[in-house]
Amino acid sequence: MQYRWNWSILFVEPYFGWLLAGVTWTLLVAGAAWIIALAIGCTVGVLSTLPSRTARLIATAYVDLFRNIPLLLQLFLWYFVLPELLPGSFGLWIKRDLPMPEYWFSVAGLGCFTAARVAEQVRAGIESIGAGQRMAAAAMGFTVAQAYRYILLPLAARNVLPPLTSEALNIIKNSSLALTIGVLELTGQSRQIEASTFQGIEALTAATVIYVMLTLCVIVVMRAVERRVSIPGTLGRG
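Here, residues in each chain are numbered from 1, in the same order as that chain's written sequence. Local features in a predicted model are, by the rule used here, given only for residues with pLDDT of at least 70; side-chain atom pairs are given and counted only at 80 or more, and totals for whole chains, interfaces and linings are based on all residues. Computation of side-chain values: all heavy atoms of the structure, hydrogens and water removed.

### Let's talk about the pattern of salt bridges
Going by this rule: By definition here, a salt bridge exists when the distance from a side-chain nitrogen of Lys or Arg to a carboxyl oxygen of Asp or Glu is within 4 Å. Numbering of helices and strands runs from the N terminus; a helix is a DSSP stretch of H or I covering at least four residues, while a strand is a stretch of E covering at least two. Burial status follows relative accessibility: with a 1.4 Å probe on protein chains alone, a residue under 20% of its type maximum counts as buried, one over 50% as exposed, and anything between as partly exposed.
In this structure the tally under the stated criterion is 5 salt bridges. Here Glu167 and Arg117 are joined by a salt bridge, their closest N and O atoms 2.9 Å apart. Residue Glu167 is located in helix H8 (residues 161-174), and its partner Arg117 is located in helix H5 (residues 101-127); the two are separated by 50 residues in the primary sequence. Residue class for Arg117 comes out partly exposed when judged on its relative accessible area of 32%.

Here you go:
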């Protein structure tokens, strides 16, 4: 039996609305997770470069824990296991009364996983700065906090923009795993359209095109930021 194409199915209700809802949830999951990833990742990345051995051990433990466990398994642990480990009343509230727990656990799981990767990039960005910058800061009487605030972090931020772009793209794509714990983001909605219409090729193609468009938008924005903040003579720029 020959497959019968029907691209128009994507532009009629309720299927068009489902795609829009999927895009919305993809952006909500990825956006919130990215905020968490940047906040935790930058903090852990800085800790891993401090003189304090304790701070470096904490940072290493975090990175090793979250980076070495598959994201899918982490989402399952957040959603199915964590509520069972919390105190009885609190765990029960999460399972029964917390609005959309699947969304919040998706954001937490994806954010913490990506934070471990961001932390390593921030660490590498700081360590790529020559030792002369640290010595110059010390010679000027800067404290460690001042050296990071005024010298090391501004330079490192410019160095890590390209890898952070890759992580921003990954977090959009990895948000599709939220489907596994019940978030009907873009991939979930395309699968729902497939189940309702049996037009799986059209639905999945539409999801693919939308993912490409979203990631291209991120690339354009990040490239513009790179050009805006670049310093002549760094990152290979003359």
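### Points about empty space enclosed by the protein
Inclusion rule: The rule is simple: put a 1 Å grid over the protein atoms alone, call a set of points where a 1.4 Å probe fits but cannot get out a cavity, call an open set with protein on both sides within 12 Å along at least five of seven lines a pocket, and count a residue as lining if it has an atom within 4 Å of a point. Grid points are joined across faces, edges and corners, and a volume is the space filled by probe spheres set on the points. Gly is placed with the polar residues, together with every amino acid not listed as nonpolar (Ala, Val, Leu, Ile, Met, Phe, Trp, Tyr, Cys and Pro) or charged (Asp, Glu, Lys and Arg).
Counted under the stated rule, the structure contains 1 cavity of 30 Å³ or more. The computed volume of the largest cavity comes to approximately 30 Å³. Lining the largest cavity we find Val29, Leu71, Leu75, Ser106, Leu110, Asn174, Ser175 and Ala178. For the lining of the largest cavity, the elements supplying multiple residues, two or more each, are helix H3 (71-85) and H5. Residue composition of the lining of the largest cavity, by class: 5 nonpolar, 3 polar and no charged.

### Here we look at the nonpolar core
Applied cut-off: Among buried residues, those of type Ala, Val, Leu, Ile, Met, Phe, Trp, Tyr and Cys that are joined through side-chain atoms within 4.5 Å constitute a nonpolar core. Contact definition: two residues touch when any of their heavy atoms are within 4.5 Å.
The biggest cluster of nonpolar side chains holds 55 residues, and the ones touching the most others in it are Trp34, Tyr62, Ile171, Ile172 and Leu186. Going through the elements one at a time, helix H1 (15-47), helix H2 (53-67), H3, H5, helix H7 (144-159), H8, helix H9 (186-197) and helix H10 (200-229) are the ones with two or more residues in this core. Here the element with the most residues in this core is H5; it accounts for 11 residues. Among residues more than four places away in sequence, those in contact with Tyr62 are Ile40, Val44, Cys112, Ala115 and Ala116.

### Some points on the packing of helix H6 (residues 131-139) against H7
Put simply, the rule is: Axis definition: a line fitted to C-alpha atoms, limited for helices to the stretch in contact. Angles are taken between N-to-C directions and run from 0 to 180 degrees. Oblique is the label for any angle not covered by the other classes, which are roughly parallel (under 35 degrees), roughly antiparallel (over 145) and roughly perpendicular (65 to 115). For any helix crossing, the convention is left-handed if the near helix is rotated counterclockwise from the far helix by under a right angle, and right-handed if that rotation is clockwise.
The contact between H6 and H7 brings their axes to 10 Å, and the two run at 160°. What the angle tells us is that H6 and H7 run roughly antiparallel. Where H6 crosses over H7, the two elements pack in a sense that is right-handed. Of the residues in H7, those in contact with Gln133, Arg134 and Ala137 of H6 are Ala147, Tyr148, Ile151, Leu152 and Leu155. Split into classes, the residues belonging to the contact of H6 with H7 amount to 6 nonpolar, 1 polar and 1 charged.

### Considerations on the packing of aromatic side chains
The following threshold applies: Only Phe, Tyr and Trp rings are paired, with Trp represented by its six-membered ring, and only when their centres lie within 6.5 Å; those with planes under 30 degrees apart are stacked, over 60 edge-to-face, the remainder tilted.
The final tally for this structure, using the stated rule, is 11 aromatic pairs. Between Tyr79 and Phe80, the ring centres sit 4.9 Å apart and the planes meet at 80°, which makes this aromatic pair edge-to-face. Residue classification places Tyr79 among the partly exposed residues on the basis of a relative accessible area of 24%. When the ring of Tyr103 is compared with that of Trp104, the centres are 5.0 Å apart and the planes differ by 70°; the resulting orientation is edge-to-face. The class for Tyr103 is buried, based on a relative accessible area of 9%. Connected via pairs of aromatic rings, a cluster forms that spans Phe76, Tyr79, Phe80 and Phe105.

### Digging into the UniProt feature "transmembrane region" (unreviewed entry) in the chain
Convention followed: UniProt positions are given in the numbering used here, feature names are shortened, and annotations may be inferred rather than shown by experiment.
Here, the residues flagged by UniProt with the feature "transmembrane region" (unreviewed entry) are residues 15-47 and 203-222. Structurally, residues 15-47 comprises 100% helix and 0% strand, and the distance from its first C-alpha atom to its last is 47 Å. Across residues 203-222, helical content stands at 100% and strand content at 0%; the span's end C-alpha atoms are separated by 29 Å.

### Here's the deal with the environment of Ser48
In plain terms, the rule: We define a polar contact as two N or O atoms separated by no more than 3.5 Å, with the added condition that, inside protein, one atom must be a possible hydrogen donor and the other a possible acceptor, whereas residues neighbouring each other in sequence contribute only through side-chain atom pairs.
Structurally, Ser48 is set in the loop between H1 and H2. In this structure Ser48 comes out as buried when scored by relative accessible area, which is 14%. Through-space distance from the C-alpha of Ser48 to that of Ala59 is 5.3 Å; in sequence the pair is 11 residues apart. Excluding residues within four positions of it along the chain, Ser48 makes contact with Arg56, Ala59 and Arg123. There is a polar contact of 2.6 Å between the side chain of Ser48 and the backbone oxygen of Gly45.

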